[in-house]
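Here is how the chains run, residue by residue.
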Amino acid sequence: AQSVTQPDIHITVSEGASLELRCNYSYGATPYLFWYVQSPGQGLQLLLKYFSGDTLVQGIKGFEAEFKRSQSSFNLRKPSVHWSDAAEYFCAVGAWDGQNFVFGPGTRLSVLP
Amino acid sequence: DSGVTQTPKHLITATGQRVTLRCSPRSGDLSVYWYQQSLDQGLQFLIQYYNGEERAKGNILERFSAQQFPDLHSELNLSSLELGDSALYFCASRADSYNEQFFGPGTRLTVL
């Protein structure tokens, strides 16, 4: 069965510090991977996605993620965090046709001034 | 703005009641997904429709049902409501040529 784990429930970083959010997946077919962000009281917004090709993908708001097939991981990174990045981050995996879409439990990011 | 709209934004009702949540997908998107987000269960996939037909089912209770209409908007019907049904309900839509889903702002349901 497909699953997504995000080992860190809550992470706190200082503004300007670097960030890495972890995501591991288990998927029976070729995984299509996504990171979404949810600000309080808002819907989910797509940060970036990986389908194939270059394993380092760039997204919006200065985020990037690296796909590592050998580790079944798709970690999200940002070199310098801004206070406005405080939100909940969800990793997700799905099939090419949009089926079997599974979200991880989310990681809540707090940013200290 | 994702282009997906959901109404109402907030809904407060009593146990045992029935409510209908509405979703309008992005223009041209044939797929609509419904999710429930609660503190203890996280983001749970409920059901997917594609061009009016049910495509996939997730953890949807028998008290819940959904449909997608010819104009592609979708409705999620929740009946015999219980306190535990209080949650955020999201709709998402997807175009055939892409794999990502675009989420609406959600409907916050409170059952008292």
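Give a description of the interface of chain A and chain B that names residues and reports values.
Counting residues at the interface gives 19 residues for chain A and 17 residues for chain B. The junction of chain A with chain B conceals about 1400 Å² of combined surface from both sides, 50% of it contributed by carbon and sulfur atoms. The largest per-residue losses of area from chain A upon contact with chain B belong to Leu44, Gln99 and Phe103 of chain A, which jointly make up 30% of the total buried on that side. Scanning the region where chain A abuts chain B turns up one salt bridge. Between chain A and chain B we count three residue pairs in polar contact (both at pLDDT 80 or more) in total. Listing elements by their share of the side of chain A that touches chain B, those giving two or more residues are strand E5 (32-38) and strand E6 (44-50) of chain A.

Help me get a handle on the pairing of strand E10 (residues 87-94) of chain A, residues and values and all.
Two faces belong to every sheet, and in a regular strand the side chains alternate between them. Residues and elements named next belong to chain A. For E10, the buried fraction is high: seven of the eight residues fall into the buried class. Sheet analysis places E5 next to E10, joined by seven bridges and oriented antiparallel. Directly across from Leu33, in E10, lies its bridge partner Val93. As defined by bridge partners, E10 adjoins strand E12 (residues 107-112) across three bridges and the pair is classed as antiparallel. Note that in E12 the partner of Ala87 across the bridge is Leu109. Relative to strand E11 (residues 102-103), E10 runs antiparallel, the two sharing two bridges. What sits directly across from Ala92, in E11, is Phe103.

Thresholds, definitions, all that
- Residues numbered from 1 in each chain as written.
- Chains lettered and ligands numbered in written order.
- Predicted model: local features only at pLDDT ≥ 70, side-chain atom pairs only at ≥ 80, totals over all residues.
- Heavy atoms only, no water.
- Contact = heavy atoms within 4.5 Å.
- Buried area = accessible area lost by both parts, 1.4 Å probe.
- Salt bridge = Lys/Arg side-chain N within 4 Å of Asp/Glu carboxyl O.
- Polar contact = N/O pair within 3.5 Å; in protein donor to acceptor, adjacent residues only side chain to side chain.
- Helix = DSSP H or I, 4+ residues; strand = E, 2+ residues; numbered from the N terminus.
- Buried < 20%, exposed > 50% of the residue type's maximum accessible area, 1.4 Å probe, protein only.
- Pairing = 2+ DSSP bridges.

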